[in-house]
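In case you want the letters, here they are:
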Amino acid sequence: MNVVVSTLNAKYIHTALSLRLLKAHCGSEFDVTMVEFTIKDPLMNIVSDLFRLGPDVVGFSCYIWNIEETLRIVRMLKKIMPELVIVLGGPEVSYDTDYWMEKEPEVDYIVMGEGEETFLHLLREVDKGRHVGNFSAVEGIAHRKEGKVRLNPPRLKLPLDEIPSPYRFPEDLAELPNRVVYFETSRGCPFNCQFCLSSVETGVRYFDIERTKADLLYLIDNGAKLIKFVDRTFNIKRDYALEMFDFLIKNHRGCVFQFEITADIMRPEVLSFLAENAPPGIFRFEIGVQSTNDATNELVKRRQNFTKLSRTVNAVKDSGKIDQHLDLIAGLPGEDYHSFRKTFNDVFALRPEELQLGFLKMLRGTGMRRDADKYGYVYMDHAPYEILGNDVMPFSDIVRIKRVEDVLEKYWNSHRLDHSVTFLIERCFETPYDFFQEFGDYTEERGWQKTGHQLEDLFSRLQQFLRERGTTELAVIEGLMKLDYFLGHKYKPRKMWWEFQLGKERQGDIYRKLADNPGLVSPRFAELGLGERELHKHVMAEFVPFDLGRYWQESQIDCSRSSILLAYFAPSGEKVEFFAIPADK
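A brief look at the structure comes next. (Residues numbered from 1 in each chain as written. Predicted model: local features only at pLDDT ≥ 70, side-chain atom pairs only at ≥ 80, totals over all residues. Heavy atoms only, no water.)

### Re helix 15 (residues 432-445)
Rules: Numbering of helices and strands starts at the N terminus; helices are DSSP runs of H or I of at least 4 residues and strands are runs of E of at least 2. An expected span of 1.5 Å times one less than the residue number is assigned to each helix. In this scheme, a residue with accessible area under 20% of its type's maximum is buried, one over 50% is exposed, and one in between is partly exposed, where area comes from a 1.4 Å probe on protein chains only. Should any heavy atoms of two residues lie within 4.5 Å, those residues are counted as being in contact.
With 14 residues, helix 15 ought to run about 20 Å at 1.5 Å a step, and its terminal C-alpha atoms sit 20 Å apart, in line with that. The element helix 15 is largely enclosed, with a buried count of 11 among its 14 residues. Residues P432, Y433, D434, F435, F436, Q437, F439, G440, D441, Y442 and T443 constitute the buried set of helix 15. Those residues of helix 15 hidden inside the fold are in contact with helix 11 (337-348), helix 13 (395-413), helix 14 (418-427) and helix 16 (455-468). At the C-terminal side of helix 15, G447 shows a positive phi close to 75°.

Here's what the structure looks like:
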């Protein structure tokens, strides 16, 4: 029997752990082929590729980001291959399963919950024949009998170490360096947050730690560059987290590892260990804050101590070793626009490398969806079931916060204007949130949210906004924006968003002087050995109205002394180097 397992990933670089788990568990008995697509692939191409494989059974892994496209594919496949057995699984169809079976007659079976053993049992019955197999005996599936949908009793959880390793397929090796590897060391979550599907499952189960280490070494040895752990709370067990961090530090070989951690339970000894031993850049932490409103957290059964969380985030930041990605959810019960503004500012004050602003999604199976009427929620009928409003946050407020999200992504999370935005939120706006909201409103009025942009557009639009609102210290801000713009290039940029204050004649004078006496700048500049021709080709000189040397050393803006910014773009495309000389020299 020819079995195909497939899914539509959000991006090409993503890989589906679910498919690999199914192939690993069922591959000893059945010929299982994995085929991955993306949600942007043309449906006809996907259907053609699956048809060409000649499958007897196709299983699709379903999530909120791919369910609609998956169902379109299912309908097309059934029209051209009526005898094909189609099985759905995954979190999106594991709840309200009878709804999906009634709505989609082309679907033959749905696997509910963990699928490895259930899918294997189902394949055994399908292999006997559609009219011979005893599908009522397959725990954990939905099927049809005598024209009616039947939901079988759930299956007991499989001991995790009975599942063969899903990380060692030869067909994955060639692309390991180019794709994200998703890795699980445990299943389950100790917490009960009502907006999250992990709250449905109680308890935490672990794979054997020595097996986990062996699988990680195999991936690292074969060129994996980014491994994302899907454990819901990687640091729930202190000793386990310490042992794993230590193992990865000793064996990383340049691979980067990303974890979801719960920051307010991170032990001081773990933080100290990481600060002392972790090489910079190999670990990334994703920390779900969601809200700092205590009443809101209580409503969603979320236990969180923001003081302890802040202490952890600050300690990690102070170590300079680990980038942190903090998450917020807009639209939680009891949190209106003004409360969310406070939540945003509370979290932004921690200055995370990335702040992800998301909107509540009423996921099937969650307590939040069950209690939607209690809080006056309205939400999308189809995935991703994002909220459209509730009793304290109308749609008009959600639209406003969407504008904040857009500017936050482009102007903070992208790290294209770090110097400029930091100055603006500290000196020119009442709070960080107010900058993102005011600029977001401005971009919406001009339709910029709906149009594409080049890098220089981000700068020219910000400049236009700041000028029109009469922002003070604009010359300083524009100087910082020039610094940021140069930072965003590996090679000397051809397009500028401003008119150079130094004319060509003045620049020529500077280059001649520096070619004759590079020591005027610094010993490092002299080491570059640039002649006048190379200076014209690889250096940009521009005026800034403050002392750049002091800014770089002390992060202080001193306008009593202006500077000439010198940006050197190496022919090899290495990171731009900055130098400065006093403007009056």
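### Considering empty space enclosed by the protein
For clarity, the threshold we go by: Grid points spaced at 1 Å over the protein atoms alone were grouped into cavities, where a 1.4 Å probe fits but cannot get out, and pockets, open sets with protein on both sides within 12 Å along at least five of seven lines, with lining residues defined by an atom within 4 Å of a point. Grid points are joined across faces, edges and corners, and a volume is the space filled by probe spheres set on the points. Residues were grouped as follows: Ala, Val, Leu, Ile, Met, Phe, Trp, Tyr, Cys and Pro as nonpolar; Asp, Glu, Lys and Arg as charged; and all remaining residues, including Gly, as polar.
Under the defined criterion, the tally for this structure stands at 5 cavities of 30 Å³ or more. Forming the boundary of the largest cavity are D406, V407, K410, Y411, T443, W448, H453, L458 and R461. Elements that contribute at least two residues to the lining of the largest cavity include exactly helix 13 and helix 16. Ranked by residue count, the leading element in the lining of the largest cavity is helix 13, at 4 residues. Partitioning the lining of the largest cavity into residue classes produces 4 nonpolar, 2 polar and 3 charged. When its volume is computed, the second largest cavity comes out at roughly 50 Å³. Lining the second largest cavity are P166, Y167, F183, E184, F207, R211, T212 and D215. Per-class residue counts for the lining of the second largest cavity are 4 nonpolar, 1 polar and 3 charged.

### Describing the sheet that holds strand 14 (residues 323-330)
Selection rule: Any two strands are treated as partners once DSSP identifies two or more bridges connecting them. Only the contacting stretch of a helix is used when fitting its axis, a line to C-alpha atoms as for every element, and angles between N-to-C directions run 0 to 180 degrees.
Strand order across the open sheet formed by 6 strands is 8-11-12-13-14-15, with parallel pairing between neighbours. Of all strands in the sheet, those bounded by a partner on one side alone are strand 8 (180-183) and strand 15 (354-359). Going across the sheet, the axis of each strand differs from the next one's by a mean of 20°, ignoring polarity. Relative to the sheet, helix 7 (residues 238-251) contacts strand 11 (226-229), strand 12 (256-261) and strand 13 (283-290), its axis offset from that of strand 13 by approximately 145°. Across the sheet, helix 13 is in contact with strand 14 and strand 15; its angle to strand 15 comes to roughly 155°.

### A few points about the pattern of salt bridges
Rules: By definition, a salt bridge exists where a carboxyl oxygen of Asp or Glu is found within 4 Å of a side-chain nitrogen of Lys or Arg.
Using the criterion set out here, one finds 50 salt bridges in the structure. Two residues, D108 and K78, come together in a salt bridge whose shortest N-O distance is 3.0 Å. With D108 in the loop between helix 4 (97-103) and strand 5 (109-111) and K78 in helix 3 (residues 67-80), this residue pair connects regions lying 30 residues apart in the sequence. Comparing D108 with K78 shows no difference in burial state: the two are buried. Across the pair R351 and E426 runs a salt bridge whose closest N-O atoms are separated by 3.6 Å. Of the two residues, R351 is situated in the loop between helix 11 and strand 15 and E426 in helix 14; the sequence distance between them amounts to 75 residues. For R351, a relative accessible area of 21% puts it in the partly exposed group. What you see here is one network of salt bridges that share partners, running through E114, E116, E184, R187 and R205.

### A look at unusual backbone geometry
Following A383, the chain continues into P384 via a peptide bond in cis, with omega recorded as 15°. Along the chain, the position of P384 falls in the loop between strand 16 (378-379) and strand 17 (387-389). With a phi angle near 60°, Y385 is a residue other than glycine that sits in the positive phi range. One non-glycine residue, S555, adopts positive backbone phi at about 60°. Along the chain, S555 falls in the loop between helix 21 (548-554) and strand 19 (563-568).

### Thoughts on the layout of surface pockets
Its boundaries defined by the atoms lining it, the second largest pocket holds a volume of some 360 Å³. Forming the boundary of the second largest pocket are 25 residues, of which T15, R20, E36, D172 and R179 lie nearest the centre. Elements represented by at least two residues in the lining of the second largest pocket include exactly helix 1 (17-26), strand 2 (31-38) and strand 8. At 5 residues, the largest contribution of residues to the lining of the second largest pocket is made by strand 2. Per-class residue counts for the lining of the second largest pocket are 13 nonpolar, 4 polar and 8 charged.

Keep in mind these values describe shape, not function.
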